[in-house]
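The primary structure of each chain is shown beneath.
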Amino acid sequence: MGVDIAIDLGTSNTRIYIAGKGKLLDEPSVVTINLDNDDIIAVGSDSYKMMGRTSERLSTMEPISGGVISDFYLVENMIKIQFGKARIGKIVKPRVVACIPGDITDVEKRAVVNSILSIGVRNVSLIEASKAAAIGAGLDIRSAHGRLIMDIGGGTTDIAVLSLGDISVSRSMKIGGNSFDEEIIKYVRRKYNLVIGKVTAQKAKFEIGAVVKPDEEKKYTVKGRNTVTGLPQAVEITNTEVYEELREVALTITAQVQDVLEEAPPELVSDIYKDGIVLTGGGSLLYGLDKLISEQVKIDVHIADNPSDCVINGCGFALKYIGQEEIDENGSVNPLSMPY
Ligand SMILES: Nc1ncnc2c1ncn2[C@@H]1O[C@H](COP(=O)(O)OP(=O)(O)OP(=O)(O)O)[C@@H](O)[C@H]1O
Ligand SMILES: [Mg+2]
């Protein structure tokens, strides 16, 4: 038996898991290229350090957007290099489980499969991000019991009601943690005529981002370029001022949870009321997001342990389902697609 591998090609982070070992790689999904000849200069963490800091000749690109591949060439090369880093180039023809957002076209699905096949694997089975997230959060998704899981990544949010290994109702949105960074960029520009970069906006979100009214005021200094004078400038922003802006985005997410609950069959809704909603993904760490969702839908909300790793751990756990029957004797559906 060879060794199998799980891959999560996320909008923000690429994660690789090896059967029997666990997560071996976790790096930003970014690639720096030389624009003159398309040569790859750096990928992952090395490339992230250059983000917003490259010369005219180099560009740091994010080849996955809204959970789908937007630049096939870059993703293919990114995976190849990351495989080398994780020292798994030597594994002979592994079988792979990869996750995909819930709302993805056949063409987009094919792009994920082909980019992974290009590195010489035996086959690729796909799993929806919400199923992988639930498994990684420790939920038994194959039982006849309804669970509501929300995976809030960088570029996507997947909400799903799961039972018997399958999705009963779901929503997938191209809104995620990065949408909050974008709101901070827009706000600072509007209010202070200051243009700030994505990396700065994300740091500000980590420090002072909030979607419920903060208990105490916190300040954070952002540096950028003034659009009027063209000169560098530093501005102090507070959690109370960004909270109003970020809350709007968060409410568009909670509205979708409400829709999902309205569409879900009553027996499953009753299970969900009892157990509460489980949040995964890095985006779920934003201050107050769990509280806001709970207030809006009037159901308990729990953030899973180690939320950023739930999807990759769930993909890793699901490796054992490769080759198993599609529906077992209990009526539970295999969460993996047939291998490509
Ligand atoms: N402590 C934190 N507070 C707020 N946001 C956070 C925190 N940690 C991570 N994030 C956000 O989580 C997002 C990344 O989450 P994750 O790694 O789950 O995304 P991904 O799987 O790469 O993306 P996707 O699933 O959308 O394709 C980013 O927007 C990041 O800023
Ligand atoms: Mg993800």
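Residues numbered from 1 in each chain as written. Chains lettered and ligands numbered in written order. Predicted model: local features only at pLDDT ≥ 70, side-chain atom pairs only at ≥ 80, totals over all residues.

1. Details of the domain arrangement of the protein chain
- Each domain of the protein chain was delimited in the assignment, giving domain 1 (5-132 + 317-321), domain 2 (143-175 + 246-308) and domain 3 (177-241).
- When each unit is reduced to the centre of its C-alpha atoms, the spacing between domain 1 and domain 2 is 26 Å.
- Of the residues lining the interface, 13 residues belong to domain 1; the matching set on domain 2 comes to 14 residues.
- Residues of the side of domain 1 that touches domain 2, tallied by class, amount to two nonpolar, eight polar and three charged. (Domains from an automatic or database assignment. Contact = placed C-beta atoms within 7 Å. Nonpolar A, V, L, I, M, F, W, Y, C, P; charged D, E, K, R; others polar.)

2. Side note on the site of ligand 1
- The environment of ligand 1 is formed by 22 residues, the closest being Gly10, Ser12, Gly153, Gly177 and Gly282.
- Looking at the shell around ligand 1, the elements that each hand over two or more residues are α5 (177-192) and α6 (198-208).
- With three residues, the single largest contributor to the shell around ligand 1 is α6.
- Looking at side-chain class alone, the shell around ligand 1 contains three nonpolar, 18 polar and one charged residues. (Near = placed C-beta within 6 Å. Helix = DSSP H or I, 4+ residues; strand = E, 2+ residues; numbered from the N terminus.)

3. Comments concerning the nonpolar core
- Grouped together as the largest cluster of nonpolar side chains are 93 residues, with contacts concentrated most on Val97, Ala98, Ala132, Ile149 and Cys315.
- Looking at this core element by element, the count peaks at seven residues for helix α7 (residues 239-263).
- Beyond its immediate stretch of four places on either side in the chain, Ala98 contacts Ile7, Leu9, Val112, Ile116, Val124, Leu126 and Cys315. (Core = buried A, V, L, I, M, F, W, Y, C linked by C-beta atoms within 7 Å. Buried ≥ 20, exposed ≤ 12 C-beta atoms within 10 Å, placed from the backbone.)

4. Observations concerning the pairing of strand β5 (residues 40-43)
- In this sheet, β5 lies alongside strand β4 (residues 31-34) in antiparallel orientation, the contact comprising three bridges. Paired with Ile33 across the strands is Ile40, a residue of β5.
- Here β4 hands over to β5 after five residues, with Asp38 in that stretch at a positive phi of 65 degrees. (Pairing = 2+ DSSP bridges.)

5. A look at the sheet that holds β5
- Strand order in the open sheet formed by three strands is β5-β4-β6, and the pairing between neighbours is antiparallel. In this open sheet, the two edge strands, each paired with only one partner strand, are β5 and β6 (58-61). Strand after strand, the sheet turns through a mean of 20 degrees between neighbouring axes, direction not considered.
- Alignment of β4 against β6, held across four bridges, turns out to be antiparallel. By the bridge assignment for β6, Val31 is matched with Met61.
- The sheet strands contacting helix α2 (residues 72-85) are β4, β5 and β6, and the helix crosses β5 at an angle near 60 degrees. (Axes fitted to C-alpha atoms, helices over the stretch in contact; angles between N-to-C directions.)

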